[in-house]
Amino acid sequence: MADESWRVPSTVQELAATVQEPPSRYLVPEQDPLSDQLAGAEMLEPVPTIDLRRLLAPDADGAGEEAAKLRSVTGHGIEASVMDGLIAASREFFREPLEEKRAYSNLIGGKQWQLEGYGNDPVKTQDQIMDWSDRLHLRVEPEDERNLDRWPGHPESFRGLLHEYTASCKRVKDGILRAMARLLELGEDDGILNQFGDKGTTYARFNYYPACPRPDLVLGIRPHSDVCVLTLLLMDEHVAGLQVLRDGTWYRVPPVRDHTLLVNVGVSLEIMSNGVFWGPVHRVVTNSEKERTSLAMFYSTDLEKEVEPIAELLGEKQPARYRKIKFRNFVAEHYEYFSKRERVIESLKI
């Protein structure tokens, strides 16, 4: 029988503790040398920040202009103790012995990959480049569809903290999308929220990037755009790694402190807004000395909902720039394009 062990993704956290050189499946292509890019990556100017309380005030002047600049938010009302506690609990989980973490693996029977659980991306081809990171991916909304078998039972605080954080982030997400609807001059503040359908989903993804012996050769996450509508990112306050692509140049995003949330537009919202908002291409680089953790909340439409430009934004002078697509198919195509290091939304442009 042919050896197909390459199809099973490595657990990077355990691998990092034993190697001095990353295995070949993690190395970036020779035609895209990472060392040169890292040396030339510029620091992004301070991330524009707005107090969410001001943005949501009904009589606030300039709310539309502020929403247009929105990159990160303070004044979101989420308790600092909840944010700190959840990050600490996730770090404790990632530091558990491998046998403990495998109880929550995203491999069914050690072979069949699923989105939820602990691990890495599925391996589909023998020459596929892997990311230097492990993740814990959990569906948190709708609440009645949570698979608690994938939620770590240790530390004991994890589940309660994630439940509370999810509820708090929902309020933040709703407020941001209402402000964006006003910016688009939609007839009602829920004009974007109404696009989610009856079964809009939210996934929490805990990202763990072990120290890497050769950060000039591998990436924590390859370049991509988020396929969802909106992402709220709780970044590591001490270790940088996120980079954003602008006009062909990679910019380093500095660590965001004081419990500020970074807001990222997904390509679903790019389609809905008919290109007014844009889902940026970003990636994560590794660190030779320090581990890094972050938590992303991905807000997506119902899988059976068709993602398309909002009809109210279209007209004779503003035709649709993207064809519609069922979100379930959009996700599947996203993974196919992601493996080829391409941006799926380019295939949907009219």
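So, how was this worked out
- Residues numbered from 1 in each chain as written.
- Predicted model: local features only at pLDDT ≥ 70, side-chain atom pairs only at ≥ 80, totals over all residues.
- Heavy atoms only, no water.
- Buried < 20%, exposed > 50% of the residue type's maximum accessible area, 1.4 Å probe, protein only.
- Helix = DSSP H or I, 4+ residues; strand = E, 2+ residues; numbered from the N terminus.
- Pairing = 2+ DSSP bridges.
- Salt bridge = Lys/Arg side-chain N within 4 Å of Asp/Glu carboxyl O.

K.L.:
Help me understand the pairing of strand β15 (residues 292-300) in this model?
P.N.:
A regular strand places its side chains on the two faces of the sheet in alternate fashion. By the criterion of burial, β15 is predominantly enclosed, with 9 of the 9 residues buried. Residues of β15 alternate between two faces, with R292, S294, A296, F298 and S300 on one and T293, L295, M297 and Y299 on the opposite face, all of them buried. Across 9 bridges, strand β8 (residues 201-209) lies against β15 in antiparallel orientation. Following the sheet pairing, F206 is matched in β15 by L295.

K.L.:
I would appreciate a short explanation of the pairing of strand β7 (residues 134-141) in the present structure.
P.N.:
Most of β7 sits inside the fold, with 8 of its 8 residues counted as buried. Where strand β6 (residues 117-119) and β7 come together, 3 bridges link them in antiparallel fashion. Across the sheet, the residue bridging to Y118 is L136, located in β7. One ladder, built from 7 bridges, connects β7 with β8; its direction is antiparallel. Paired with R135 across the bridge in β8 is N207.

K.L.:
Sorry, what's going on with the pattern of salt bridges here?
P.N.:
Note that side chains of opposite charge can pair when their charged atoms are close. Scanning all chains against the criterion turns up 19 salt bridges. A salt bridge links D236 to R91; its shortest N-O distance comes to 3.5 Å. Placement of the pair is D236 in the loop between β10 (230-234) and β11 (242-246) and R91 in helix α5 (residues 80-94), with a sequence separation of 145 residues. Owing to a relative accessible area of 24%, R91 belongs among the partly exposed residues under this scheme. Across the pair R135 and D121 runs a salt bridge, and its minimum N-O distance is 2.7 Å. You can see R135 sitting in strand β7 and its partner D121 sitting in the loop between β6 and β7, a full 14 residues away along the chain. Across the pair, exposure class does not vary: R135 and D121 are buried alike. What emerges from the salt-bridge pattern is a single network uniting D121, D131, R135 and R222.

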